[in-house]
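Chain residues, written in single-letter form:
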Amino acid sequence: MSFGETPITVIGNLTADPELKFTPSGAALAKFTIAATPRTYDKDSGKWTDGTSTFFRCAAWRQLAEHVADSLTKGSRVVAFGRIRQHNWETPEGENRSMLALEIDEIGASLRFTTVAIAAKRPATPAATGDDAWGAAADGPAAKSGDEPPF
């Protein structure tokens with residue numbers, strides 16, 4: 001992230017399935033909208049009430065875009081981190097328009113109300129193959145003796 005950019009974290013639900021497109025140069029772009037709706041508990045009525053929803057138009061690029069399109073669907077509750085971008089354009093009638101959008105750097109499913117299964121896309125790392133961070137096998141002498149890591 002560059003100096004002067006506006007970082008933001010949004011928690012909400014996708015309003016539709018992500019739309020995956022490709023630029024002429026082949027870069028993947030996923031476009032989607034996140035609706036963030038505050039909820040408050042009304043002690044008098046004993047019920048939860050929804051506040052006014054805020055809709056964030058989002059864009060994810062390249063491999064992240066493909067992962068978003070493969071993983072998320074309408075209604076998915078997500079935690080998204082990115083930066084606000086302003087887009088300006090002129091309509092065919094000559095009117096100036098602008099909008100704010102969220103360019104996503106990181107996004108994942110919220111685990112507050114559900115569980116998910118993670119499917120790794122990267123090659124296995126030493127830790128994933130049973131070796132610990134110091135290079136000793138997980139079933140080596142330290143594992144069998146119950147010794148703590150040396151720190």
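Position numbers for residues count from 1 along each chain, tracking the sequence in the order it is written. Whole-chain, interface and lining totals are the exception, using all residues; otherwise, since this is a predicted model, local features are given only for residues with pLDDT of at least 70 and side-chain atom pairs are given and counted only at 80 or more. No hydrogens and no water enter the side-chain calculation; it runs on all heavy atoms of the structure.

A look at the nonpolar core
Thought 1: Residues belong to a common nonpolar core when they are buried Ala, Val, Leu, Ile, Met, Phe, Trp, Tyr or Cys residues joined through side-chain atoms within 4.5 Å. Any residue under 20% of the maximum accessible area for its type is buried, any over 50% is exposed, and the rest in between are partly exposed; the area is computed with a 1.4 Å probe on protein chains only. Among the nonpolar cores identified, the biggest contains 18 residues, and Phe32, Ile34, Ala60, Val68, Ile104 and Ile107 are the most heavily contacted of them.
Thought 2: The secondary structure listing takes helices from DSSP runs of H or I that are at least 4 residues long and strands from runs of E that are at least 2 residues long, numbered from the N terminus. At the level of elements, strand S1 (7-14), strand S3 (28-36), strand S6 (54-61), helix H1 (62-71), strand S7 (77-90) and strand S8 (96-109) are the ones that each hand at least two residues to this core.
Thought 3: Broken down by element, this core gets its largest block of residues, five residues, from S3.
Thought 4: Every residue pair with non-hydrogen atoms within 4.5 Å of one another is taken to be in contact. Isoleucine 104 has contacts with Phe32, Cys58, Ala59, Ala60, Leu64, Ala80, Phe81 and Gly82, leaving out every residue within four places of it along the chain.

Observations concerning the environment of cysteine 58
Thought 1: Its place among the elements puts cysteine 58 in strand S6.
Thought 2: Here the alpha-carbon distance between cysteine 58 and leucine 100, two residues 42 residues apart in the chain, equals 9.3 Å.
Thought 3: When residues no more than four places from it in sequence are discounted, the contact partners of cysteine 58 are Ala30, Lys31, Phe32, Ile34, Leu102 and Ile104.

Functional significance is not addressed by these values, which are geometric in nature.
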